[in-house]
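Structural features, examined
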Amino acid sequence: EPSMFAMSVPEPRGVVGAIVPWNFPVVNSIIKIAPALAAGNAVVLKPSELSSGSALRLAELAIESGIPPGILNVVPGLGQTVGHAIATHPDIDFLSFTGSTLTGRKLMEAAGLSNAKPILLECGGKSPQVIFDDLGDIKKMAAHVAAEALWNQGQVCVSRSRVLVQKEIKKRFQDSLIEEFSKHFPGNPLDPETNFGPLASRRQAERVIDFITDAEAAGARRLDERHKFENPFIAPVIFDDVTPDMKIWKEEVFGPVITITSFDQPEEAIKLANATDYGLAATVWTNDLSLGIKAARDIRAGAITVNSSFDEYEGAAFSLPQEGRKHSGYGIETGIDGIKSYMTMKKIELRGSRIV
């Protein structure tokens, strides 16, 4: 209408509750804090009880940098107390969470039963690495695959722990991967000679050992049985003959354990890659660019990498937005669109004979 002026106005959501895990505590905190503050919100951050010190230091630095008191707040504590309070508090307008799928579901229930606050979830993953047989240097490829799976002792939500390899190169690839894994020996992280540290806690190590024991009982075959476990030190483990019905295939281990499954044709590889309840990330290795693009489009995950790994370069890092699929959560993080997640849109219409 000639007499109408209408516009969309982005506004802060208000008070953002942010709950982050113990792995990469600084990075995971900043991924929440930076876009929330940039969008104009106040933040109440709950770090993991296993890694609260860095978050408290961030809060101190925020005050020193000029952020007004009360804008960034850090509240350490347990999930069943502090986490639950943030999820149910009526004055929290938005909840952003990174952690396990089980905890994410509990937070959804709590948020819904309180003030029905919207929620952003980045939950578990069981990410695949799809390796086609057109690659040249198998040993170099094994080193990249190990880097994708063992970074931070496998305690990464996007750890590419399900290795899908084309049958023609499986034996050569396995031999190279075993050799690569043999270079990793857990030890004291303060020792300069250590290249593979302990897991985050004894409880986490016990959980990983339970997965290993269950996989062996289910018929999965250990390819390297040299290493012994001394909680919380767990050397990398490779399982062969793993099928989609096994627990080690279906559930997130969050430790240095990978599984190997072979395939014949690309269609089978895509089907296996998607044969999981999760959809967080995936890596595809091929010299055929068209095949790489097709696989990236067909795999149901929020972040797909073709022919690169953590040990080479960071790539786009956090400059592009991404969103998990299926049980890996929902809501966009990182990039410009990630800032928009922490904003709400208001429609304003002005009617009159003349706009001044």
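Report follows, based on the coordinates.

Moving on, we get to the packing of helix H3 (residues 79–88) against helix H4 (residues 101–113). The contact between H3 and H4 brings their axes to 7 Å, and the two run at 45 degrees. When the axes of H3 and H4 are compared, the pair comes out oblique. Counting all contacts with H3, which are made through Gly83, Ala87 and Thr88, the residues of H4 involved are Leu107, Ala110 and Ala111. Taken together, the residues that form the contact of H3 with H4 break down as 4 nonpolar, 2 polar and no charged.

Attention now moves to a negative patch on the surface. On the surface, Asp133, Asp134, Glu168 and Asp288 cluster together to form a negatively charged patch. With respect to the helices, strands and loops of the structure, aspartate 134 is situated in the loop between strand S7 (128–131) and helix H5 (138–150). Exposure remark for aspartate 134: the relative accessible area of 30% places this residue in the partly exposed category.

The subject of this paragraph is the sheet that holds strand S16 (residues 329–330). Across the sheet, which stays open at both edges, the 6 strands sit in the order S4-S3-S2-S5-S6-S16 with mixed pairing between neighbours. Each end of this open sheet is capped by a strand with a single partner; those strands are strand S4 (72–74) and S16. As judged from the 3 bridges shared by strand S3 (residues 42–46) and S4, these two strands associate in the parallel manner. Bridge pairing in S4 places leucine 45 opposite valine 74.

Cut-off values and rules
- Residues numbered from 1 in each chain as written.
- Predicted model: local features only at pLDDT ≥ 70, side-chain atom pairs only at ≥ 80, totals over all residues.
- Heavy atoms only, no water.
- Axes fitted to C-alpha atoms, helices over the stretch in contact; angles between N-to-C directions.
- Helix = DSSP H or I, 4+ residues; strand = E, 2+ residues; numbered from the N terminus.
- Parallel < 35°, antiparallel > 145°, perpendicular 65-115°, else oblique.
- Contact = heavy atoms within 4.5 Å.
- Nonpolar A, V, L, I, M, F, W, Y, C, P; charged D, E, K, R; others polar.
- Patch = residues over 30% accessible without salt bridge, like charges linked within 9 Å, V, L, I, M, F, W, Y side chains within 5 Å.
- Areas by Shrake-Rupley, 256 points an atom, 1.4 Å probe, with all protein chains shown as cover.
- Salt bridge = Lys/Arg side-chain N within 4 Å of Asp/Glu carboxyl O.
- Lys, Arg positive; Asp, Glu negative; His and termini not counted.
- Charge placed at Lys NZ, Arg CZ, Asp CG, Glu CD.
- Buried < 20%, exposed > 50% of the residue type's maximum accessible area, 1.4 Å probe, protein only.
- Pairing = 2+ DSSP bridges.

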